[in-house]
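Chain by chain, the residues run as shown.
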Amino acid sequence: MAAPVPQSLSAKFVGSFAYLTVKDRLPLILTRAIDTLHRHKYLFLEHHGEEGVEAEKQTISLLSKLLNELKTDKPVIPLTDKLCDTEQWNQYLERQQVLMGGDEKPSWFKSPWLYVECYMYRRIHEALQLNPPISSFDVFSEGKFKSFFDSQKAIILICTCIQDLSKNVENLDDGQLKEEFLKLFQVSLWGNRCDLSISSSEDNSQTSNPLDCLDSLKPFILIDDIESIWSILANSKRTRNDTTPKARVDIILDNAGFELITDLVLADFLLISGLATEIHFHGKNIPWFVSDSTYTDFKWTLRQLKAANHMGMSKCGVKWEDSIKSGVWVYHDDPFWTLPHEFCDMQQEAPNLYAELQKSNLIIFKGDLNYRKLTGDRQWEFTVSFHHALRGFHPAPFCILRTLKSDVQVGLKPGQGEELKATDVDWMTIGKYAVIQFDTPSM
Ligand code: F6P
Ligand code: MG
């Protein structure tokens, strides 16, 4: 008999992180989104005349209604827009209803946290979609821009680092190449500290030197499977030949701003070192969890780099735009990434995306939300194996680089979680600790 699957994290557990998020942090994020719309009233007037102002009013009224539903634990209601994923969202709601059984309806404080948190971002998107003149407005873009500009010094340092590396990568022996890989991989890991959702969209940028602090951060990596990841890449480079000339790495992006730059630098390194021959990025197709990267953010970032008044940055911008044009970098934004499903549902719900990921030599998932979706955001015992918690999601060898910002963690040694709790009560949610976890279909 299959082992039982633990319950989903949920705000119904009073005092839990999910409860505090639904009670305090989500209303704050929503209130800030409403305020942002208010502040842009004159921009809407300038661009769309009175129609723009009317759209702003209507959107604010829809978001205020949403805020009220959230605060008063009203039932989750179906979406009314007509986007490509509307049907899937509404079917998901029906399934939640069946799971609850009886007369109870899915609601903010009763349903799985993962579901209602994703739903809030989809409802924000719906409110804008229903008001066409301003529907492409991203209520979170100001914060994403700020995070980019506030991390300027750190961005210069890592752009300069990759520029220097590209000049002498050919002279590095295997050991040196590995050293550089380990460094940039960890920079990308810690880049995940910079997300705006955890801070309810308040400032959260990278101000210290991201390369200097790696040694002091090492003790905070609770699980470190980096050697297995290196082996996969080094092996694919060693065995590359005319019959298998390609090595594809997929990066499932998380936040825009500093984290995105760390991911692009890593992607650049994988190509110049020959560890990969093509990189596929996967971003969100709607504004998501405050700071997640959309295609607009991705393009904006490349443009900013290109136009920067710093040689290292602008060279990166030019090179990376060329990488997109020449097709060694490919950008995808499948709607599945902004559905509420656990990843074990991907093969059934998004078979094309699953098949696409199966072509990869290595998939790199970034961030806390991806970890929650990989493990189903459930109350797993800390010592359950990562492979088990994935519940059949094994498209290709993959890893996750994540700083801990929510209370789900698997794959720890017996007693490790308890020890951490004794030193740091909030160890799971403050972004101080991190994991690099690896899985392969044959494990
Ligand atoms: O509640 C904290 C939170 O909003 C989580 O919902 C989410 O997992 C995380 O922050 C976002 O982090 P990341 O950008 O690393 O996915
Ligand atoms: Mg994020």
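Being a predicted model, the structure only gives us computed values, none of them experimental.

### Details of the pattern of salt bridges
Consideration 1: This structure, assessed with the given rule, holds 32 salt bridges.
Consideration 2: Residues Arg39 and Glu142 are paired through a salt bridge, measuring 2.9 Å at the closest nitrogen-oxygen approach. Residue Arg39 is located in helix 1 (residues 17–39), and its partner Glu142 is located in helix 6 (residues 141–150); the two are separated by 103 residues in the primary sequence.
Consideration 3: Between Glu342 and Arg378 there is a salt bridge, with its nearest N and O atoms 2.6 Å apart. Linking Glu342 in the loop between strand 4 (329–332) and helix 14 (346–349) with Arg378 in the loop between helix 16 (368–375) and helix 17 (386–389), this pair joins segments that are 36 residues apart in sequence.

### Digging into the sheet that holds strand 4
Consideration 1: Read from one edge of the open sheet, 7 strands run 1-7-6-5-2-3-4, paired in mixed fashion. Strand pairing shows two members of the sheet lacking a second neighbour, strand 1 (221–224) and strand 4, which therefore form its edges. On average, adjacent strands in this sheet sit at an angle of 15° to one another, irrespective of strand direction.
Consideration 2: Strand direction decides the pairing type here: strand 2 (residues 248–252) and strand 3 (residues 278–282), joined by 5 bridges, are parallel. Each bridged residue has a counterpart across the sheet, and for Asp250 the counterpart in strand 3 is His280.

### Quick look at the packing of aromatic side chains
Consideration 1: Scanning the entire structure with this criterion turns up 37 aromatic pairs.
Consideration 2: For the pair Phe281 and Phe298, a centre-to-centre distance of 5.4 Å together with 55° between the ring planes defines the contact as tilted. Here the residue Phe281 occupies a position in strand 3, and Phe298 occupies one in helix 12 (residues 295–307), the gap between them amounting to 17 residues.
Consideration 3: Residue Phe281 is classed as buried on the basis of its relative accessible area, which comes to 0%.
Consideration 4: By relative accessible area, Phe298 is classed as buried at 1%.
Consideration 5: In textbook terms, an aromatic cluster arises when at least three aromatic residues are bridged by ring pairs, as seen for Phe336, Trp337, Phe343, Tyr354, Phe365, Tyr371, Phe386, Phe393 and Phe398.

### Some details on the environment of Pro397
Consideration 1: Mapped onto the secondary structure, Pro397 falls in the loop between helix 17 and strand 6 (398–403).
Consideration 2: Considered as a pair, Pro397 and Lys65 are 332 residues apart in the sequence and their alpha carbons are 44 Å apart.
Consideration 3: In this structure, Pro397 is in contact with Ile232, Ser360, Asn361, Leu362, Ile363, Phe438, Asp439, Thr440 and Pro441, ignoring residues within four places of it in sequence.

### Comments concerning the nonpolar core
Considering soluble globular proteins, one finds that nonpolar side chains tend to be buried as a cluster.
Consideration 1: Within the largest apolar cluster, 80 residues are counted, with the highest numbers of intra-cluster contacts made by Met120, Ile124, Met346 and Phe365.
Consideration 2: The element that contributes the greatest number of residues to this core is helix 5 (residues 113–129), accounting for 11 residues.
Consideration 3: Mapping this core onto the domain boundaries places at least three of its residues in each of domain 1 (17–129) and domain 2 (141–439).
Consideration 4: Other than its neighbours up to four places away in sequence, Met120 contacts Leu26, Ile29, Leu30, Leu66, Leu70 and Trp108.
Consideration 5: Of all hydrophobic cores here, the second largest spans 60 residues; its members include Trp190, Cys213, Val265 and Ala267.

### Some remarks on the packing of helix 11 (residues 258–272) against helix 12
Consideration 1: Following both chains from N to C, one finds helix 11 and helix 12 inclined at 75°, their axes separated by 11 Å at the closest point. Judged by the angle between their axes, helix 11 and helix 12 are roughly perpendicular. Residues Leu260, Ile261 and Leu264 of helix 11 form the contact with helix 12, whose own contacting residues are Asp297, Phe298, Thr301, Leu302 and Leu305.

### Quick notes on the packing of helix 1 against helix 5
Consideration 1: One way to put it is that helix 1 packs onto helix 5 with a least axis distance of 11 Å and a crossing angle of 10°. Taken together, the axis directions place helix 1 and helix 5 in an arrangement best described as roughly parallel. Within the contact between the two elements, helix 1 uses Phe17, Ala18, Thr21, Val22, Leu26, Ile29, Leu30 and Leu37 and helix 5 uses Trp113, Val116, Glu117, Met120, Tyr121, Ile124 and Leu128.
Consideration 2: Residue composition of the contact of helix 1 with helix 5, grouped by class: 13 nonpolar, 1 polar and 1 charged.

Procedures and definitions
- Residues numbered from 1 in each chain as written.
- Chains lettered and ligands numbered in written order.
- Predicted model: local features only at pLDDT ≥ 70, side-chain atom pairs only at ≥ 80, totals over all residues.
- Heavy atoms only, no water.
- Salt bridge = Lys/Arg side-chain N within 4 Å of Asp/Glu carboxyl O.
- Helix = DSSP H or I, 4+ residues; strand = E, 2+ residues; numbered from the N terminus.
- Pairing = 2+ DSSP bridges.
- Axes fitted to C-alpha atoms, helices over the stretch in contact; angles between N-to-C directions.
- Phe/Tyr/Trp six-rings, centres within 6.5 Å; stacked < 30°, edge-to-face > 60°.
- Buried < 20%, exposed > 50% of the residue type's maximum accessible area, 1.4 Å probe, protein only.
- Contact = heavy atoms within 4.5 Å.
- Core = buried A, V, L, I, M, F, W, Y, C linked by side-chain atoms within 4.5 Å.
- Domains from an automatic or database assignment.
- Parallel < 35°, antiparallel > 145°, perpendicular 65-115°, else oblique.
- Nonpolar A, V, L, I, M, F, W, Y, C, P; charged D, E, K, R; others polar.

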